[in-house]
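Structural overview
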Amino acid sequence: GGRMIGGRYRVTAGVMRGPRGSVFRAEAPDGRPVIVKESRAYVGEREDGFDLRMYLRNELRILRALAGVPGVPEALDHFRHGEDEYLVMTDAGATDLNRHVAEAGVFTGADLAALASRILEVLDAVHARGVVVRDLSPKNIVLGEDGGCTLVDFGTSGLEDLQMPGWSRGFSVPDQRTGRPSTPADDYFSLGATLCYAATGLNPVIVDPDLERGVQRTLQCLARIFPDAGTGTVALLPRLLSLDPAERTSAAAEIRTGGGAAPPRPCAPPVRLTGDLLSAVLEHTVREVAGYAERLMGGPDDARRAAPPITNVYSGSAGVGMELLQHPEARATGADLARWTAENLPPANLPPALYFGLTGTAIFLTAARLTAAPDLPAPDPVRPAGDDKADQAHGLAGIGTGHLVLASLDPSGDHLATAAECARRLLAGEVTAPDALPEELTALEPSGAGLDVDTAYAHGDAGVADFLLAHHLATGDAETGEAARERFTALSKAAEGLVGELLSPTGRPMGASWCQGMSGVATAFLRAGLAFDDHTYMDLAARTVRACALVAPRAWVTSQCCGLAGIGDALIDVAQATGDDTYWRHAEDMAELMLIRAGGPHDRPIFPGNDLDVQAFTWGTGTAGVLSFLRRLHTRSGPRLWSVPLAQG
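The rules behind the values
- Residues numbered from 1 in each chain as written.
- Predicted model: local features only at pLDDT ≥ 70, side-chain atom pairs only at ≥ 80, totals over all residues.
- Heavy atoms only, no water.
- Helix = DSSP H or I, 4+ residues; strand = E, 2+ residues; numbered from the N terminus.
- Rg over C-alpha atoms; globule rule 2.2 N^0.38 Å.
- Buried < 20%, exposed > 50% of the residue type's maximum accessible area, 1.4 Å probe, protein only.
- Contact = heavy atoms within 4.5 Å.
- Polar contact = N/O pair within 3.5 Å; in protein donor to acceptor, adjacent residues only side chain to side chain.
- Pairing = 2+ DSSP bridges.
- UniProt positions renumbered as here; feature names shortened; annotations may be inferred.

**Concerning the overall build of the chain**
Summing up its helical and strand segments, the chain has 22 helices and eleven strands in all. Computed over the C-alpha atoms, the radius of gyration of the chain is 27 Å, within 12% of the 26 Å expected from 2.2 N^0.38 for a compact globule of 649 residues. The dimensions of the chain, computed from C-alpha atoms along their principal axes, are 80 × 55 × 45 Å. Of all 649 residues assigned to the chain, the portion counted as buried reaches 54%.

Structure, rendered in structure tokens:
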């Protein structure tokens, strides 16, 4: 069985599929494993007449020039099938550096030094044959079980007077995109960016169109993680990432000799959050989010008919609009967005969820009607669907929480009855099992990382316990109070272990996130501590957010859901509940970390979405959620959106 390519290579797995062509693992006629790379005809055609097949032919030319170099695949075959072309080469293995860091964690100390030496050894041999790689990055370095490194993907590489156009943002030296002839020193920059990823787990900052500013920000991130790296491989990274080829070349020479002759170059000037800077960032960010709302409302009608607009909290208009209502200068835009949302609610059956469905949208429309848009009709009542999950993000805990919020906004409705129905079904176990996590997420969730989706707030036990307790506090219902107490007792045991893991060498920054990690859990413990007058929960909340703050410099996104804004809001919750200024200072640290992960001048930041390369504006993974955190930090007041205020505890 298995598809045959070229009549002789039996496909065993797909490595990557895309419109430009696919990459397959296959078995050669003699049984050995090979990689088959496909290049589609007429894809990526350029004005000068060539298409992607030229990159494949260039890779073949380079691999032939590098024949016999250890750490470079061997070209075995090249053929056409119809108009498409295929290149067959030896299989170096399945684990690239990108995946290795995601699964096994960052490289430190001697391991990082050994990795640097091994990659440079292959680079030196490649350069000795006259080849410049031009696309060295973690996804193009395959790690062997013996510790060896194999470089792959030579499609844009240069040899003699021919190099193909192309560059990788953040990993290629900024002026590579001008198309000037490349030199070995360009690969040293890519080596520096790759080692920076290996040492931190952070991708380069690439959201800014000014690539040199992106390099500066990447170095600022490095300095926050290694504030006193005076020796070793980490100390060489600022010089490898220098824009001066001579400085990069001398840093590479020090990797070869293991020396540290030249004094380390300071990473980059730190950013310090002053009151004036925070005010400027807040004003700018309100304008950015309001501008996004205007563009959303100004979109063409036919586009809305073709694809229903997203009106939910997480990735739609409700999340953006609710935040705008909190800012007097943007309230009118928030009100307009509420009217637009009411008009454009898709007629299809939307789920009742808090973050991904109608409950969150109802909170936004109700808040808008009561504060800024009295002409809006009351939203239709939202009821649980019957096949709901238990959690906050999609399920009964979120629907119930949302209805407690709605009851506080508008006591005239029957919102408390809906919240009671959610609580009853949770206690009776009338819930649908959660979906299995997609494989790409479970790979990023190794054991021992301080990460447990089943405990975390958005998808796990903490969010359920928090709702049950909030319901008890709002209604006096004894049964939900008792159930909440039992769940918090179990939750505290799980959290003790997870906080320990988070602070261990295997701890991951995702373990500090609101959605899958511990920052949301901390806020739930605050409610329990206040409600039960139990200092052990308050202490656990404080220890949890301190652990989150310690790993935050390695958090790769700025967002509420998975990143710094969610961690920052948890720190603010603890600061408000305890009156301890330490947690406000930690929250200011989160804002500084956001500014060095962003593009633009520090007082006019461009906050990247979770895909890192473009700005996003939504509440869950974009600028509106960042703005929620910045507003609370600036005013030192206000509850989290979408949750029952802790003061009610």
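The discussion continues.
**What about the environment of Val 557?**
Looking at the element boundaries, Val 557 is found in the loop between α19 (535-551) and α20 (564-578). When the C-alpha positions of Val 557 and Asn 203 are compared, they lie 9.9 Å apart, and in sequence the two are 354 residues distant. Sequence-distant contacts of Val 557, that is, excluding residues within four places in its chain, are made with Cys 562, Gly 563, Leu 564, Asn 610 and Leu 612.

**Brief notes about the side chain of Glu 592**
Here Glu 592 lies in helix α21 (residues 581-597). At 3.0 Å, the side chain of Glu 592 forms a polar contact with the backbone nitrogen of Leu 273.

**Some details on the sheet that holds strand β7 (residues 131-132)**
The strands making up a sheet are joined through hydrogen bonds of the backbone, oriented either antiparallel or parallel. Read across the open sheet, the three strands follow the order β7-β10-β11; overall the sheet is antiparallel. Each edge of the open sheet carries a strand with a single partner, namely β7 and β11 (162-163). Taken together, the two bridges between β7 and strand β10 (residues 158-159) define a ladder with antiparallel strand orientation. Across the sheet, Val 131 pairs through a bridge with Leu 159, a residue of β10.

**What about the sheet that holds strand β1 (residues 4-5)?**
With antiparallel pairing, six strands are arranged side by side in an open sheet as β1-β2-β3-β4-β6-β5. Of all strands in the sheet, those bounded by a partner on one side alone are β1 and β5 (75-81).

**Describing the environment of Gly 609**
Examined against the element boundaries, Gly 609 turns out to sit in the loop between α21 and α22 (623-635). Note: C-alpha distance between Gly 609 and Val 207 (402 residues apart in sequence) is 8.9 Å. The contact partners of Gly 609, leaving out residues within four places of it in the chain, are Val 614, Gln 615, Ala 616 and Thr 621.

**Observations concerning the UniProt feature "binding site: Zn(2+)" (unreviewed entry) in the chain**
Under the UniProt annotation, "binding site: Zn(2+)" (unreviewed entry) lies at Cys 515 and Cys 561. These residues run over 47 residues, yet every pair of their C-alpha atoms falls within 5.4 Å of each other. Within the secondary structure, Cys 515 sits in the loop between α17 (478-502) and α18 (519-532). Once residues lying within four places of it in the same chain are set aside, the contact partners of Cys 515 are Ala 456, Tyr 457, Ala 458, His 459, Met 510, Cys 561 and Cys 562. Among the secondary structure elements, Cys 561 is positioned in the loop between α19 and α20.

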